[in-house]
Amino acid sequence: MRSISFFTSCIAALSSLAAAELNLSQPLLSKQLLASTFKPPQVFKNANLVRTTNLDKGYPRETINVIIENIDSKPQSEYYLPFESSLLSRVGGLEVKDKKAASKDSFKVEVVGYDAESSTEFYLIHLPEPLEPKGQQTLSITYSVLSALSPVPAQISQSDEQYLQYTFSAYTPSAYNTDKQKTKVKLPSSDVPDYTKLPAELNAEKKADPQKQGSTFTYGPFDNIPSGAEELVSVRYEFTKPLTHASVLERDIEVSHWGGNIAFEERYWLQNLGAQLKNHFSRVEWQKSSYMNPASSALKELRVPLQAGALNPYFTDDIGNVSTSRFRPGKKEALLELKPRYPIFGGWKYSFRVGWDADLSNYLRKLSTGESYVLNVPFLEGPRQPEGIEYSRVNLRVILPEGATNVRFQTSVPLVDSTTSLHKTFLDTLGRTTLSLTAINLVDEFRDRELIVTYDYPWTAGFRKPIVITLGMFAVFAATWVVGSLDTSIGKKKTV
Amino acid sequence: MSSPLLDVWDAASNSPYQPTVGKGSQFTVGFLLLVTAFLLGGVFGLNRSFINLPILGIPASLAFGFGAVYMICAVGVYV
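Please read all numbers here as calculations on a predicted model, not as lab measurements.

Q: Honestly, the overall build of chain B in this entry has me stumped. Any pointers?
A: Helix and strand content of chain B: three helices and zero strands. Reported as C-alpha extents along the three principal axes, the dimensions of chain B are approximately 65 × 25 × 20 Å. Across the 79 residues of chain B, 35% fall into the buried class. Considering only contacts within chain B whose residues lie at least 6 apart along the sequence, 66% involve residues at least 24 apart. With the model as given, the accessible surface of chain B reaches about 4,300 Å², and the carbon-plus-sulfur share is 71%.

Q: Honestly, the interface of chain B and chain A in this entry has me stumped. Any pointers?
A: Interfaces are often sized by the amount of accessible area the parts lose when they come together. In this assembly, 41 residues from chain B lie in contact with 45 residues from chain A. Around 3,800 Å² of area is buried between chain B and chain A when both sides are counted, 71% of it from carbon and sulfur atoms. On the chain B side of the interface with chain A, the three residues burying the most area are L5(B), W9(B) and Y17(B), jointly 23% of the side's total. Across the pair D359(A) and K23(B) runs a salt bridge whose closest N-O atoms are separated by 3.0 Å. At the junction of chain B and chain A, the tally comes to 11 residue pairs in polar contact (both at pLDDT 80 or more).

Q: What is the right way to read the environment of D359(A) from this model?
A: Of note, D359(A) is situated in strand β24 (residues 349-359). Residue D359(A) is classed as partly exposed on the basis of its relative accessible area, which comes to 32%. Sequence separation of D359(A) and G259(A) is 100 residues, and the distance between their C-alpha atoms is 9.0 Å. Residues within four places of D359(A) in sequence aside, it is in contact with G260(A), I262(A), G309(A), L311(A) and K23(B). Within the structure, the side chain of D359(A) is placed 3.0 Å from the side chain of K23(B), a separation counted as a polar contact.

Q: I tried to follow the domain arrangement of chain A on my own but got confused; where do I start?
A: All names here are of chain A. For chain A, the assigned domains read domain 1 (27-238) and domain 2 (244-281 + 292-462). Each of domain 1 and domain 2 has a C-alpha centre, and the two are 31 Å apart. Each partner contributes to the interface: domain 1 provides 25 residues, whereas domain 2 provides 31 residues. The largest share of the area that domain 1 buries against domain 2 comes from Y59, L146 and Q158, three residues that together contribute 25% of it. Between the two partners, domain 1 and domain 2, sit three salt bridges. Between D444 and K57 there is a salt bridge; the shortest N-O distance is 3.6 Å. Linking domain 1 to domain 2 there are 11 residue pairs in polar contact (both at pLDDT 80 or more).

Q: I would appreciate a short explanation of the nonpolar core in the present structure.
A: Across soluble globular proteins, nonpolar side chains have a tendency to be buried as a group. Residues and elements named next belong to chain A. I262, F352, L375, F379, Y391, L442 and Y455 are the most contacted members of the largest nonpolar core, which totals 54 residues. Per-element accounting of this core gives the leading share, six residues, to strand β27 (residues 389-402). Counting 53 residues, the second-largest nonpolar core is a separate cluster that includes L81, F83, V145 and L187.

Q: How should the UniProt feature "transmembrane region" (unreviewed entry) in chain A be read in this particular structure?
A: The UniProt feature table records "transmembrane region" (unreviewed entry) at residues 467-486 of chain A. Annotated as 90% helix and 0% strand, the span residues 467-486 of chain A places its first and last C-alpha atoms 28 Å apart.

Q: Just checking my understanding: could you explain helix α3 (residues 52-74) of chain B for this structure?
A: Residues spaced three or four apart along an α-helix face the same direction, because each turn holds 3.6 residues. For α3(B), spanning 23 residues, the distance from its first C-alpha to its last is 31 Å, which sits close to the expected 33 Å at 1.5 Å a residue. Backbone geometry just downstream of α3(B) places G76(B) in the positive-phi region, at approximately 110°.

Q: Can you walk me through the sheet that holds β24(A) in this structure?
A: Two pairing modes exist for strands in a sheet, parallel and antiparallel, and in both the strands are linked by backbone hydrogen bonds. Residue and element names in this part refer to chain A. If you walk across this open sheet you meet the seven strands as β21-β24-β18-β17-β27-β30-β29, and the pairing is mixed. At either end of the open sheet lies a strand with only one pairing partner, and these are β21 (311-317) and β29 (417-423). Averaged over neighbouring strand pairs, the angle between their axes works out to 15° when direction is ignored. Across seven bridges, β29 lies against strand β30 (residues 432-443) in antiparallel orientation. When the sheet's bridge partners are listed, S421 is paired in β30 with T434.

Q: What is the right way to read the sheet that holds strand β13 (residues 194-195) of chain A from this model?
A: Residue and element names in this part refer to chain A. In spatial order, the strands read β9-β11-β16-β13; together these four strands make up an open sheet with antiparallel pairing. The sheet is open, and its two edges are formed by β9 (150-151) and β13, each paired on a single side. Alignment of strand β11 (residues 163-169) against strand β16 (residues 232-238), held across seven bridges, turns out to be antiparallel. When the bridges of β16 are listed, L164 appears paired with Y237.

Q: I would appreciate a short explanation of the UniProt feature "transmembrane region" (unreviewed entry) in chain B in the present structure.
A: The UniProt record annotates "transmembrane region" (unreviewed entry) at residues 27-46 and 53-78 of chain B. The span residues 53-78 of chain B shows a helical share of 85% and a strand share of 0%, and its end C-alpha atoms are spaced 32 Å apart.

Quick notes on the rules
- Residues numbered from 1 in each chain as written.
- Chains lettered and ligands numbered in written order.
- Predicted model: local features only at pLDDT ≥ 70, side-chain atom pairs only at ≥ 80, totals over all residues.
- Heavy atoms only, no water.
- Helix = DSSP H or I, 4+ residues; strand = E, 2+ residues; numbered from the N terminus.
- Buried < 20%, exposed > 50% of the residue type's maximum accessible area, 1.4 Å probe, protein only.
- Contact = heavy atoms within 4.5 Å.
- Areas by Shrake-Rupley, 256 points an atom, 1.4 Å probe, with all protein chains shown as cover.
- Buried area = accessible area lost by both parts, 1.4 Å probe.
- Salt bridge = Lys/Arg side-chain N within 4 Å of Asp/Glu carboxyl O.
- Polar contact = N/O pair within 3.5 Å; in protein donor to acceptor, adjacent residues only side chain to side chain.
- Domains from an automatic or database assignment.
- Core = buried A, V, L, I, M, F, W, Y, C linked by side-chain atoms within 4.5 Å.
- UniProt positions renumbered as here; feature names shortened; annotations may be inferred.
- Expected span 1.5 Å × (residues − 1).
- Pairing = 2+ DSSP bridges.
- Axes fitted to C-alpha atoms, helices over the stretch in contact; angles between N-to-C directions.

And the structure:
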């Protein structure tokens, strides 16, 4: 029986290979698998926990400030943070810092999980120094959740207000017992027509939850919540702004030593995850209301701030150049204002590319130790919108000059993959050394995080291009001479 | 997690990369080199001899090689 199931699974695996269509909607996460009987050792407790959910932008941003206490008899350094597997694949930019030393680097964090059938997976946080028994430490855990807001109603008219629903647990999911905790929800406005009410018995101060204060809702405080406890609540609030979601962003950075230029190109596949249109799109209504500039669930404009010194910008899509754009160069910052060809309503998509040049001297420095260079570029640029933008996958390529070796890089953006390969383009013989980095579930708050790359580039490698052309040209001259000196005349050779 | 590469970047703050030929003069340099290559090639074409092959061919090829690289940069394809 077992052999039959093995055989069928082999057939299934082979057939999935044959129908090779890469499904990138499921992010490729590297993770460590644990036995299905795994339960995080109960060596910590959360003495006090305050979770703040910020719904100002088009994605929820969670901040968990927690005082953890070691209740074991040995020093401990591994703190587990549980997520449901469907949620974990949408959690992005999880960073953990010591609240009392916020300027220090964030802690090492990795994803661990059960087998594929388990519904709970964990982020494992490595404390830089093990916590002594009875010792306390304050952690500040921040992350964003992508595609977490659902429009309710799912269909609205063109100029209607949009309402979003966010469902979360009033008890912060934790692998440890929590003595005291509270969940705050910061909403963009006080227009909150629906929300879950919790009975006063759950609350430690016997107050009916949520307690409202302007546009902030507070659930709790709750006392002595056991590990793994959840209490799902929902809020539905007004948010008449687009939910801009980039399924893929491809960003290329090309370094040219000969031209003294660095070229950036970004290719976006955008989608608005907001409420869909109930009726057909009415251009007349859109045009009439555009002078009043009302809040709209459609994406009308993208403002992309670029670093000072940006040159030669372009904005094209599948059809060609999009002329509805403006470029404002400035001393501190250059601004690229892009208007898509059409307003992007809920469920609509738009893909385009933008690119620009800059002088290489602002980004590249030569090291005093021989022929090495260091490059410092922003990992992510892209639009800066009041409602934010989320990227489910970012593929960054740094195309270094042909012949660059010993490539090393460093960035504070959490990556899932990094490779070095060759990329062939104009006037290349071997191909240019290319560093490819992949990150998933990023949000626009990661703009301007630095990426530093060092590489060796000997001057002999630099001369490869002109020398190859020189040799080719010389071959033409030599061939001309050989062909010209052939005697193709008919008859006897004349002797003059 | 320290940031050794950031220290490397800061340490090299006095030596930003400067190309041999700046962006503003790429077209001039490229054009002059290509004209030189064209003229030398033309002279070689009028008088194709074995001795002219190194005397005219090598400088013409070198001028064409470097001229082509600068010209392609000058028109916006930064190689």
